[in-house]
Amino acid sequence: MEKILIIEDEEGMVLSLEDRLRSEGYRVASRSDGKSGEKEARSGRYDLIILDVMMESATEGFQVSHKLRDPSPDAEYADYRDIPILMLTAVHTTTSLRFEPDEDYLPVEAFLEKSVDPDELLAKVEELLKS
């Protein structure tokens with residue numbers, strides 16, 4: 001079964017995501033900040049990363065996505081750049097900023113707004129794992 005890494009600092013959100021994904025048979029690990037999430041991404045072979053935007057800083061998730069997708073051949077995370085990233089965010093509800101996935105600016109496959117409907121989350125996870 002596929003392995004999913006959750007990088008999210010809100011414990012309640014992590015527990016909810018873990019419960020839902022495990023109930024569908026996925027293997028799940030979680031980390032509560034970008035640095036430990038980056039380290040975990042290297043130590044396990046994950047099929048999908050679910051990444052929060054605002055953690056220790058308002059843009060930490062953006063920074064993590066850029067590190068994981070650095071196109072340089074000798075980049076630290078070059079072996080992991082093809083792992084799909086699903087970004088969870090409350091940015092749209094807490095600020096007037098609007099973001100969409102973008103290969104250069106925001107290199108993720110999809111966005112979901114917190115608090116995400118569990119069925120919508122599962123559908124998006126399944127879609128990203130198939131692509």
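**Notes on the packing of aromatic side chains**
- Throughout the structure, instances matching the rule amount to zero aromatic pairs.
- We note Lys3 situated over the ring of Tyr46; from NZ or CZ to the ring centre the distance is 4.7 Å.

**Overview of the side chain of Lys114**
- For Lys114, the location among the structural elements is in the loop between strand E5 (110-113) and helix H5 (118-130).
- Only 3.0 Å separates the side chain of Lys114 from the side chain of Asp52, close enough to count as a polar contact.
- When near neighbours in sequence (up to four residues on either side) are disregarded, Lys114 contacts Glu8, Glu10, Met13, Asp52, Leu88, Thr89 and Ala90.

**Looking at the packing of helix H2 (residues 34-43) against helix H3 (residues 60-68)**
- Packing of H2 against H3 brings their axes to within 10 Å, and their N-to-C directions diverge by 25 degrees. By the angle between their directions, the pair H2 and H3 is classed as roughly parallel. You can see that H2 and H3 cross each other, and the crossing is right-handed. Mapping the contact onto sequence places Gly34, Lys35, Glu38 and Ala41 in H2 and Glu60, Val64, Lys67 and Leu68 in H3.
- A breakdown of the residues in the contact of H2 with H3 according to their chemical character gives three nonpolar, one polar and four charged.

**A look at the packing of helix H1 (residues 11-23) against H5**
- Direction vectors running N to C along H1 and H5 enclose 60 degrees, while the axes themselves pass 11 Å from each other. It follows from the interaxial angle that H1 and H5 lie oblique. You can see that H1 and H5 cross each other, and the crossing is right-handed. Contacts between H1 and H5 involve Leu17, Arg20 and Leu21 on the former and, on the latter, Pro118, Asp119, Leu121, Leu122 and Val125.
- Classifying every residue of the contact of H1 with H5 by side-chain character gives six nonpolar, no polar and two charged.

**Things to note about the environment of Ile4**
- Along the chain, Ile4 falls in strand E1 (residues 3-7).
- Ile4 sits in the buried class, given a relative accessible area of 0%.
- A C-alpha to C-alpha distance of 8.5 Å links Ile4 and Leu21, two positions 17 residues apart in sequence.
- With residues up to four places along the chain from it excluded, the contact list for Ile4 reads Leu21, Tyr26, Arg27, Val28, Ala29, Tyr46, Leu48, Ile50 and Val125.

What counts, and at which threshold
Residues numbered from 1 in each chain as written. Predicted model: local features only at pLDDT ≥ 70, side-chain atom pairs only at ≥ 80, totals over all residues. Heavy atoms only, no water. Phe/Tyr/Trp six-rings, centres within 6.5 Å; stacked < 30°, edge-to-face > 60°. Lys NZ or Arg CZ within 6 Å of the ring centre and 35° of its normal. Helix = DSSP H or I, 4+ residues; strand = E, 2+ residues; numbered from the N terminus. Polar contact = N/O pair within 3.5 Å; in protein donor to acceptor, adjacent residues only side chain to side chain. Contact = heavy atoms within 4.5 Å. Axes fitted to C-alpha atoms, helices over the stretch in contact; angles between N-to-C directions. Parallel < 35°, antiparallel > 145°, perpendicular 65-115°, else oblique. Left-handed = near helix turned anticlockwise from the far one by under 90°. Nonpolar A, V, L, I, M, F, W, Y, C, P; charged D, E, K, R; others polar. Buried < 20%, exposed > 50% of the residue type's maximum accessible area, 1.4 Å probe, protein only.

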